[in-house]
Amino acid sequence: MRIVISGAAGFVGSHMCDRLLTEGHTIIGLDNFLTGNRTNIGHLARERRFELINQDVTETFSVDGGFDAVIHMASPASPRDYLEHPIETLEVGSVGTRNMLEIALEHGARFLLTSTSECYGDPHVHPQVETYWGNVNPVGPRSCYDESKRFAEAITMAYHRKYGVATRIARIFNTYGPRMKLDDGRVVPAFLDQVLRGEPLTVFGDGSQTRSFCYVSDLVDGLYRLLLSDEIYPVNLGNPNEMTILQFAEAIRDRLNPGAPIAFQPLPEDDPKQRQPDITKARTLLNWEPKVGLDEGIAKTIEYFRDLVAVPA
Ligand code: UDP
């Protein structure tokens, strides 16, 4: 297939490009580098099946030649990034999604939206199943991301219903791995950076809020399977191995620097209290489940971060 991907220089986007190239596809990657990073795709500079275009997908654009699939991954995704860029976040989920759907419609290409577990907000149903409609604060600090992705899902369904576009929607839960930005504020790079520097691990609140962490290669495998599937309605992709943030901090500390202190800091507003994907649908429909355990995933990720962190002598 010839595939157009927005957010190709992002953390997950760049891994998706690698996977699609391995599968023999040709890629036209789009990125405006708001939060993406050229070094994430630096290794593809000489790859003939990969082309990168500096394109903000909230502006109208066209892509030369035919293509078979469109994958819309562009968006700030860490709370720190979307709090800093709330308008861009709202625009890329709304105008950007519409522009990506338009090119899919025009070319008769299938369309994959990477949505988010944030659609469930601070959930009252646990673990989260795709049929749960969520509990989102529409005017809170996270609303620029949550509502933008909820709009993105809505317009994706509208293009399917009105124009028959072959759409797919993935709801991605917390994912980690190499190429995350060290300073994007998310808990995995934050803790790894702190532990490597010998600084205290900053646990927000009392650390009783839960998350479950999926290694990026597992996620990308799920996304690829979903792209090839016929499922129109959203599919959760994430690792169901749920833990409290305090347990996670202790696991990182015990593994990498047993003496490191833990510093408790205020809990950000609207921080979801619990999150765990119900992946029954992905298991049944895509024959998918995560394979990389936390120890293995953290070991691979720390190797990447070790090179980035200038550890004080
Ligand atoms: N968190 C934390 N310390 C940090 C960064 C994050 O305790 O330095 C917590 C945060 O409050 C949240 C969880 O870790 O409960 C996951 O945060 P992240 O920003 O990675 O993603 P989220 O799941 O909130 O989108």
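Going by the structure above, here's the rest.
Residues numbered from 1 in each chain as written. Predicted model: local features only at pLDDT ≥ 70, side-chain atom pairs only at ≥ 80, totals over all residues. Heavy atoms only, no water.

For helix H1 (residues 11-22), spanning 12 residues, the distance from its first C-alpha to its last is 17 Å, which sits close to the expected 16 Å at 1.5 Å a residue. Counting buried positions along H1 gives 10 out of 12 residues, so the element sits mostly inside the fold. All of the buried residues in H1 are Phe11, Val12, Gly13, Ser14, His15, Met16, Cys17, Asp18, Leu20 and Leu21. Among the structural elements, strand S1 (2-6), strand S2 (26-31), strand S3 (50-54), strand S4 (69-72), strand S7 (175-176) and helix H6 (216-228) are those in contact with the buried residues of H1. Looking one or two residues past H1, Gly24 carries a phi angle of roughly 95 degrees, positive in sign. (Helix = DSSP H or I, 4+ residues; strand = E, 2+ residues; numbered from the N terminus. Expected span 1.5 Å × (residues − 1). Buried < 20%, exposed > 50% of the residue type's maximum accessible area, 1.4 Å probe, protein only. Contact = heavy atoms within 4.5 Å.)

Near the ligand, the surroundings consist of 18 residues, among which Thr202, Phe204, Arg211, Asp271 and Arg275 are the closest. Here Val187 contributes a backbone N or O atom positioned 2.8 Å from an oxygen atom of the ligand. One nitrogen or oxygen atom from the main chain of Thr202 is found 2.6 Å from a nitrogen atom belonging to the ligand. In the complex, 94% of the free accessible area of the ligand, which totals 510 Å², lies under the protein chains. For the shell around the ligand, the secondary structure elements donating two or more residues are helix H5 (187-197) and strand S8 (201-204). By residue class, the composition of the shell around the ligand is eight nonpolar, four polar and six charged. (Near = heavy atom within 4 Å. Polar contact = N/O pair within 3.5 Å; in protein donor to acceptor, adjacent residues only side chain to side chain. Areas by Shrake-Rupley, 256 points an atom, 1.4 Å probe, with all protein chains shown as cover. Nonpolar A, V, L, I, M, F, W, Y, C, P; charged D, E, K, R; others polar.)

In a packed pair of helices, the relevant descriptors are the angle between the two axes and the axis-to-axis distance. Here helix H3 (residues 86-107) crosses helix H4 (residues 143-163) at 15 degrees, and the two axes come no closer than 8 Å. One way to sum up the angle between H3 and H4 is to call them roughly parallel. Judged by the twist between their axes, the crossing of H3 over H4 is right-handed. Contacts from Pro86, Thr89, Leu90, Gly93, Ser94, Thr97, Arg98, Leu101, Glu102 and Leu105 in H3 reach Cys144, Tyr145, Ser148, Phe151, Ala152, Ile155, Thr156, Tyr159 and Tyr163 in H4. Its residues placed into classes, the contact of H3 with H4 shows 11 nonpolar, six polar and two charged. (Axes fitted to C-alpha atoms, helices over the stretch in contact; angles between N-to-C directions. Parallel < 35°, antiparallel > 145°, perpendicular 65-115°, else oblique. Left-handed = near helix turned anticlockwise from the far one by under 90°.)

With respect to the secondary-structure elements, His15 resides in helix H1. Look at His15 and you get buried, because its relative accessible area is 15%. A distance of 2.9 Å separates a polar side-chain atom of His15 from the backbone oxygen of Pro178. Beyond its immediate sequence surroundings of up to four residues, His15 is in contact with Pro178, Arg179, Val216 and Val220.

This part covers the packing of aromatic side chains. Tallied over the entire structure, the rule returns eight aromatic pairs. Site record: aromatic cluster; members linked through ring pairs are Tyr120, Tyr132 and Phe173. (Phe/Tyr/Trp six-rings, centres within 6.5 Å; stacked < 30°, edge-to-face > 60°.)

Mapped onto the elements of the fold, Asp218 is located in helix H6. Lys291 is the oppositely charged side chain nearest to the buried, salt-bridge-free Asp218, at an N-O distance of 5.7 Å. Those residues in contact with Asp218 that sit more than four places away from it in its chain are Trp288, Pro290, Lys291 and Val292. (Lys, Arg positive; Asp, Glu negative; His and termini not counted. Salt bridge = Lys/Arg side-chain N within 4 Å of Asp/Glu carboxyl O.)

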